[in-house]
Amino acid sequence: AALGAMVMTTPKRRCSMSTGASNRGKRAARAKQQRSGFVVPEADAVDIRAMRNAVHQFGLVGGEYDSKEDRLQQLLDRLPADAGATLILAGPSSAGAVGAAIDRCRRKAMAANAREKAERYKAVASLAQGGDLSAEHLEKWTCGRCTLSNAGLLDACQSCGGRRGAFPKVTVAVVDGRSESRGPQWEAASCQLVINYDFPRSGADYTRRLSALHPSAAKLTALPRVCYTFVKESELKSSANREVVILLRSTRLHVDDSKAAEFDSALELIEDTGEGDEGDDGDEEEGGEDEDDEEECDCAHCRGSIIGSTSYHPLLPVPGVQLEATSGVEVVRIPLRALEDFDKAVPFIAPRLPGHAATLICLHCLNVHTPWDGWEQYFAPPGFRGTLRVVLVLADGVSWHEYPDSALLGCGGSSWVDILDMDSMDRTDMLLERLVDHEAALLNGESERIVLMGMSQGGGQSMLRFLRSPLRLGGWIGSVCHVPTAPHTPRSRDPLIAAGRPSVNRDAPVRLLAGECDSVFPTGLVLRDATRLRNVGGFTNVEVEVRKRLAHEGPLEEPKPRKGGMSAAAKRDRSRSPRRVSPKKASPKKASPNKAAFLRSGSSKDFEAALLPRSKSFIKAERRVPELIFLQKHLPDMVDLSARDSPEAC
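Predicted, not measured: the structure shown is a model, and the values here were computed from it.

(A) Spotlight on the pairing of strand E12 (residues 510-515). With respect to burial, E12 is a largely interior element, six of its six residues being buried. Side chains Val510, Leu512 and Ala514 project from E12 onto one buried face, and the interleaved Arg511, Leu513 and Gly515 project onto a second face that is buried too. Judged from the four bridges that link them, strand E11 (residues 475-479) and E12 form a sheet pairing that is parallel. The partner of Ser479 across the bridge, within E12, is Leu513. Of the strand pairs in this sheet, E12 and strand E13 (residues 542-547) are connected by six bridges, and their pairing is parallel. Among the inter-strand pairings, Leu513 is bridged to a residue of E13, identified as Glu545. Crossover connection from E12 via helix H16 (residues 523-535) to parallel E13: handedness right-handed.

Okay, structure coming up:
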């Protein structure tokens, strides 16, 4: 019952979906059990092997959340055509509803395929009569797997054999508890995805269902072995759920940090620690009347109801670098709603300093408008001597889009699928397109001097604009986020395979910072999306940096041992305790002899050499805003940061 209350009273925190007291309470309770010598019951070795070779995700359904039928349809609409076979396990009473949902989704896919085929027939007939086909129409049949264009009425790609409008193979198996002794009611090693429509009867039943997953995909990044389980709130306190929690916790002790983060995302959603219930109820009673006020942002920018604002920040001093009088970071803040009537906002965000070298358009994380307030100087890389324009867009309601799976707003994470609402994302993207066009005009049409950046939820939203942009951009930089593509988006609205999608930025740099200990968007999910961005989207310059000891909220540190010593379980799990503290200070090193060359060229070859003189402030920034340090490293390789002398003309 407390989970539903936490979704409605999510407090404002720095980062995205792991907000609220739920994660903190569960992590604290888990750490307390470890300190007190609590030993996680060990599962069977065979069960542990089966558990760690799969990706586990749970979804709350029923009551305040989506019904089982709606959630199943959301998943089926998002399965990529090349995702492999899917097996849905349901009880006898649910088999009819599951079959009806599959039929609806299959008919929808067939209807879309028929419309496409009719358009192709019409186009070929027009071509036979001497008509000319536009480039946009020719791009409508570009293979979603190998990105090669195919002409005519072909239903399959000439290169890889991929079919148009293909609906993934989905089968249903009826799980009858009375027939468990006779063996499984499905073919072993037959699918890539198992959906538990009804919660398993026990932990043993859960691992038994994993036998349906294909073993050959255990190490494939693009085709994970996934088990997605529907959970009702009433089942969270059941004995079957407790057994599944024991399986997850015991398996977590035998995997590396990145895989442990996947298990944490599942545990934070379904684990019942027995702590924090009274506090949650009290918060609900206290804040019931002021619920609307709590949902509103209380930052200075929202309280002032600004249309747009501009501030100026001097560059951090670097020994040996002579800064110009106009050098600095020009920070523009503009609410997203102001872009609806953009003409009124333009005078408030007009550049005051001439000749800025580049423009950064940055999107914040969920629930926080001010993650970079007080750190504006760190947008500029070391050695930069000109003017950098930074545009910070403020989302309405402190969220860029809505979430169909609202349970993840309060706790848990997305190990496999982050169900995105494309209608709200499209609205935001339309407004951001106006802003990008405006900033390109300020740069005399040199749109390649614009770089998009985002963190967490803002990272996915800014990536969507990057994928759809018809303008040549300098690149994209993101932190603790993922690519908005299938299975997170519906197949029909996947920006990587959309008809007439732009290809001008396919060779532009894409740099993503992922946290090894991130339980909101675990490393496996981020790497799979990056692989799809290369293989399906055709992007050739994609790099993902997986940083050790980095969680969604920031860097972690190993917990200090107790004076009396730690229990065996605590020692074994010490490296995975999610406590947030500052990293250790690095000992200063001598500057590289190529430092002067770096300062003249503005490249990132000797990045550390120029950064060391500011090591004290750098260490603090690395703890608080690691995404800005990541930005400093890659920005010089995306745009020319040499100072501009001529004034801008719009």
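(B) The arrangement of the packing of helix H14 (residues 422-442) against helix H15 (residues 457-468) in detail. It is the contact of H14 with H15, at a shortest axis distance of 9 Å, that shows an interaxial angle of 65°. Once H14 is placed against H15, the crossing between them reads as right-handed. Residues Met422, Met425, Asp426, Thr428, Asp429, Leu432, Glu433 and Val436 of H14 pack against Gly460, Gln461, Leu464, Arg465 and Arg468 of H15. For the contact of H14 with H15, the per-class residue count stands at five nonpolar, three polar and five charged.

(C) View of the sheet that holds strand E5 (residues 226-232). On the basis of which strands lie adjacent, the open sheet formed by five strands has the order E1-E5-E4-E2-E3 and parallel pairing. In the strand order of this sheet, the two ends are held by strand E1 (55-61) and strand E3 (170-174), each with one partner. Taking the axes of each pair of neighbouring strands and ignoring which way they run, one obtains an average angle of 20° across the sheet. Packing of helix H9 (residues 257-270) onto the sheet brings it into contact with E1 and E5, and relative to E1 it is tilted by some 20°.

(D) Representation of the sheet that holds strand E8 (residues 358-363) within the structure. If you trace the eight strands from one edge of the open sheet to the other, you get E6-E7-E9-E8-E10-E11-E12-E13, paired in mixed fashion. On the outer flanks of this sheet lie strand E6 (309-313) and E13, each paired with one strand and no other. Across the sheet, the mean angle from the axis of one strand to that of its neighbour is 20°, orientation sign disregarded. Direction of pairing for strand E10 (residues 450-455) relative to E11: parallel, over a ladder of five bridges. Looking at E11, one finds that Leu452 is bridged to Trp476. Here H16 sits on the sheet in contact with E12 and E13, set at roughly 170° to E13. Helix H21 (residues 626-634) contacts E8, E10, E11, E12 and E13 of the sheet and is inclined by roughly 150° relative to E12.

(E) Local environment of the side chain of Ser415. Take Ser415: it is sitting in the loop between strand E9 (387-394) and H14. Among residues more than four places away in sequence, those in contact with Ser415 are Val55, His56, Gln57, Glu262, Ser265, Pro522, Leu525 and Arg528.

(F) Here's a closer look at the nonpolar core. Membership of the largest hydrophobic core comes to 43 residues, with the highest contact counts inside it found for Ile361, Val393, Phe466 and Leu533. When residues no more than four places from it in sequence are discounted, the contact partners of Ile361 are Val391, Val393, Leu435, Val436, Glu439, Ile450, Val451, Leu452 and Met453. Judged by nonpolar contacts, the second largest core, of 38 residues, contains Leu316, Trp375, Leu388 and Leu635.

(G) Local environment of H21. In terms of burial, H21 is a largely internal element, eight of the nine residues being buried. For H21, the full list of buried residues reads Pro626, Glu627, Leu628, Ile629, Phe630, Leu631, Gln632 and His634.

(H) How the structure looks around the pairing of E5. Most of E5 is tucked away, with six of its seven residues classed as buried. Examined bridge by bridge, strand E4 (residues 193-196) and E5 share four bridges and lie parallel to one another. Within E5, the position partnered with Asn196 by the bridge is Thr229.

(I) Broad picture of the pattern of salt bridges. The final tally for this structure, using the stated rule, is 28 salt bridges. We note a salt bridge from Arg389 to Glu330, for which the minimum N-O separation is 3.0 Å. Of the two residues, Arg389 is situated in strand E9 and Glu330 in strand E7 (residues 328-335); the sequence distance between them amounts to 59 residues. Here the salt bridges share partners, and the residues they tie into one network are Asp423, Asp426, Asp429, Arg465, Arg468 and Arg493.

What counts and what doesn't
Residues numbered from 1 in each chain as written. Predicted model: local features only at pLDDT ≥ 70, side-chain atom pairs only at ≥ 80, totals over all residues. Heavy atoms only, no water. Buried < 20%, exposed > 50% of the residue type's maximum accessible area, 1.4 Å probe, protein only. Helix = DSSP H or I, 4+ residues; strand = E, 2+ residues; numbered from the N terminus. Pairing = 2+ DSSP bridges. Right-handed = clockwise from strand over helix to strand, strands pointing away. Axes fitted to C-alpha atoms, helices over the stretch in contact; angles between N-to-C directions. Left-handed = near helix turned anticlockwise from the far one by under 90°. Contact = heavy atoms within 4.5 Å. Nonpolar A, V, L, I, M, F, W, Y, C, P; charged D, E, K, R; others polar. Core = buried A, V, L, I, M, F, W, Y, C linked by side-chain atoms within 4.5 Å. Salt bridge = Lys/Arg side-chain N within 4 Å of Asp/Glu carboxyl O.

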